[in-house]
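Next come the chains, spelled out residue by residue.
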Amino acid sequence: MVWGDPSLSAILEEISRFLQQGRVPSVKEQVSKAVAEGISAEDILENGLLNGMNVIGEKFKNNKVFIPEVMLAARAMNAGLEILKPLLADSGVETKGTVVIGTVKGDMHDIGKNLVKMMLEGKGLKVIDLGTDVPAAKYLAAAEQHGAQIIACSALLTTTMQEMQNVVNLLKESPLVGKVKIMIGGAPVTQEFCNKIGADYYTPDAATASELALSLCM
Ligand code: B12
């Protein structure tokens, strides 16, 4: 944490503020500056980028900002993440396993999914990213094609999280059953929901998701 140093904490506040304003070039500039000043990638993520996204999330909930502003903030978030990517993901590590990841059908939210992907790559896992709006069958086909050990599904809407049940059901009927594990996550997802739909694992955030995934591949 850099809160003891006013000049460094000011950079994180700038990142948060520019992200809320959806100012992509300014976010990129400040994230690069933060890296150059020696602030850790985790600190920049938590106290800069995610801090800003949380403020936007609250305002969105309370109808103080609307979809266009949130989309701009999300774009700025992804731009900032791209700069942190090489720092969050150790480079040159040999592949320890393969994970197929995507946001479920009907759901366009990808920031959390992208973060999980980066942390998985940071653990030396190969990640096949199917993007957003992924139908159940596509996860299964990709897992088979790439010999994946894990399918990771993300959902941010209470409506689309039901789609995870379809992924679980389809796996049960496929020859991959027993060979591939299903991990689920996203803000509305809980351990209780995971148990209910018969998915294998749930974790609440990207760091724990990557640790668990690595342990499953070892
Ligand atoms: C950004 C955003 C958008 C952007 C998305 C841009 C993008 N590229 O992702 C846009 C503007 C497009 C959008 C659209 C909509 N959104 Co929206 N959005 C958000 C917002 C503000 C932030 C989400 C986010 O990125 N959080 C930051 C990331 C890092 O957190 P995260 O995704 O939870 O991920 C973490 C964990 O959950 C976990 N995780 C995530 N995935 C996975 C996967 C696995 C396997 C594991 C283990 C862990 C894991 O790790 C991550 C990091 O620690 C949330 C509010 C909120 N507070 O969540 C609303 C929110 C999710 N949206 C909401 C709604 C209603 C919508 C719309 C329906 C609005 C509309 N009327 O059109 C549309 C739906 C579009 C669609 N079909 O998907 C609601 C959902 C309500 C509900 N209960 O279902 C929310 C909660 C806002 C609200 N309070 O009303 N949205």
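Residues numbered from 1 in each chain as written. Predicted model: local features only at pLDDT ≥ 70, side-chain atom pairs only at ≥ 80, totals over all residues. Heavy atoms only, no water.

## Remarks on the overall build of the protein chain
Scanning the protein chain for helices and strands turns up nine helices and five strands. For the protein chain, the succession of helices and strands along the chain, N to C, is α-α-α-α-β-α-β-α-β-α-β-α-β-α. The C-alpha radius of gyration of the protein chain comes to 18 Å, within 12% of the 17 Å expected for a compact globule of 218 residues. Referenced to the eigenvectors of the C-alpha coordinate spread, the extents of the protein chain come out at roughly 55 × 45 × 25 Å. By sequence separation, contacts in the protein chain at least 24 residues apart represent 71% of the contacts at least 6 residues apart. Counting only carbon and sulfur atoms, one obtains 54% of the accessible surface of the protein chain, whose full area is about 10700 Å². (Helix = DSSP H or I, 4+ residues; strand = E, 2+ residues; numbered from the N terminus. Rg over C-alpha atoms; globule rule 2.2 N^0.38 Å. Contact = heavy atoms within 4.5 Å. Areas by Shrake-Rupley, 256 points an atom, 1.4 Å probe, with all protein chains shown as cover.)

## Section: the coordination of the cobalt atom of the ligand
Ideal geometry at a metal centre: 109.5 degrees between donors when four sit tetrahedrally, and 90 or 180 degrees when six sit octahedrally. On the protein, His-109 (NE2) is the one donor atom to the cobalt atom of the ligand, at 2.3 Å. Looking at where His-109 falls in the secondary structure, it is placed in the loop between β1 (98–103) and α5 (111–122). (Donors = N, O, S within 2.8 Å, 3.2 Å for Na, K, Ca; no water.)

## Topic: the environment of Gly-124
By the element assignment, Gly-124 lies in the loop between α5 and β2 (126–129). Classification of Gly-124 as buried rests on a relative accessible area of 5%. (Buried < 20%, exposed > 50% of the residue type's maximum accessible area, 1.4 Å probe, protein only.)

## Structural notes on the side chain of Thr-103
In this fold, Thr-103 is placed in strand β1. Under the relative-accessibility criterion, Thr-103 is labelled buried at 0%. Reaching out from Thr-103, the side chain makes a polar contact with the backbone oxygen of His-109 at a distance of 2.9 Å. If we ignore the near neighbours within four places in the chain, the residues touching Thr-103 are His-109, Asp-110, Lys-113, Gly-131, Thr-132, Asp-133, Val-134, Tyr-139 and Ser-154. (Polar contact = N/O pair within 3.5 Å; in protein donor to acceptor, adjacent residues only side chain to side chain.)

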